[in-house]
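What follows is the residue order along each chain.
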Amino acid sequence: MGNYEVFIRLCERINCPRSYVGLVLSELLRLGVVEVLSNGAVEFMGIKLLGKGQNSFVFKCRVDGEYYACKIRRFDSSRPNLINEGNYLRLANSVNVGPRLIGYASDVLIMELINGVPIQKYVITSSPTELKAVLKDLLWQCRRLDSIGLAHNELSRPQDHVIISGGKAFIIDFESASLNNRVSNVAQILNALVLGRGFIQDRVRAVIGVNLNFDELRSAIRRYKNTRSDDDFMQIMRLLGLE
C-alpha cells in the first residue's frame, strides 16, 4: 500500500463518501502511485495542492522514484470520470502537445509535472526574443492540435491553460477537449493573446513589433479556420513576423 495519508486527510475534511475514497485508493495503487504529497502553490483545507478546480484536485505524487502531477476527480464533480481527458491528452501527446501522460483510470490521471509560470506572467517578465520564441512554439502546437481535429476548447483563457517552462509552452488541462473540426486552437489563442484588449495583448503586440494590420490578420485567421491549410497557417505566421 502506498502512502495516501494526504488524500485521505483531505477527504475527511470535505466529507467524501467512503465508497469514493476506496475507489480512488485502489486506482492509485493500481497506477503505481507510492505517495501523495502535500506540496504545491494552492492551499486548501490545510493541504498544499498543485491545483484545484470544480471537477478535480491536483496533487504532487510519486511513482517509483519520480514525481508527477496526479489529478483526482472530485466526488462532487459534474464529470462522470477522467477517461475522456486521458484519451484526449494521449492524442495531444501523439503530436507532441501537453504534459506527458503517464497513466489514467476512471478517477485518477497521472502526468508529467510542469514547473513553470502562467503565460500571462511570462508575457510581462520575458525578453522580446524569449516571448517571440514561446509564441511561435505555442502557435505551432495549436496548429498540430488543429491538424488532428482536437479542440482544447479553453484557450480563450490561456492564463489558466498555458504554462511556460524552460522556454517552452505547455498546453495543460484537456478536461474540456473534444474532437471538433469547427473550433480552431490557433484562432482561439490569437484572439486571446493578440487581438484582445488589455495590458497582456498590448505587450504581445509591442513585442511582435511588426505593423500589424488587424483586418488582414482577421481575414487570414478566418481563411485558415475554413481551410486548415499549411499555406494559410504560414500566412498568419508571416503577418505576425513569426515564420
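Just above sits the structure.
Residues numbered from 1 in each chain as written. Predicted model: local features only at pLDDT ≥ 70, side-chain atom pairs only at ≥ 80, totals over all residues. Heavy atoms only, no water.

Caption draft 1: Structural context of the pattern of salt bridges. Scanning the entire structure with this criterion turns up 13 salt bridges. Residue D107 pairs with R73 through a salt bridge whose shortest N-O separation is 2.6 Å. Linking D107 in the loop between β7 (101-104) and β8 (108-112) with R73 in strand β6 (residues 66-73), this pair joins segments that are 34 residues apart in sequence. Summarising the burial analysis for this pair, D107 and R73 share the class buried. Among the salt bridges present, the one from E175 reaches R79, with a minimum N-O distance of 3.3 Å. One end of the pair, E175, is in the loop between β12 (168-171) and β13 (178-179); the other, R79, is in the loop between β6 and α3 (83-93), with 96 residues separating them in the sequence. Overall, E175 belongs to the buried group, its relative accessible area being 16%. Connected through shared salt-bridge partners, K71, R79, E85, D173 and E175 make up one network. (Salt bridge = Lys/Arg side-chain N within 4 Å of Asp/Glu carboxyl O. Helix = DSSP H or I, 4+ residues; strand = E, 2+ residues; numbered from the N terminus. Buried < 20%, exposed > 50% of the residue type's maximum accessible area, 1.4 Å probe, protein only.)

Caption draft 2: Molecular detail of unusual backbone geometry. Not every positive phi belongs to a glycine, and N15 is a case in point at roughly 55 degrees. Residue placement: N15 occurs in the loop between α1 (5-13) and α2 (18-30). Under the relative-accessibility criterion, N15 is labelled exposed at 64%. Even without a glycine there, the phi angle at D173 is positive, about 65 degrees.

Caption draft 3: Structural context of the environment of G103. Relative to the assigned elements, G103 resides in strand β7. Look at G103 and you get buried, because its relative accessible area is 14%. If we skip the residues at most four places from it in the chain, G103 touches L31, V108, L109 and I110. (Contact = heavy atoms within 4.5 Å.)

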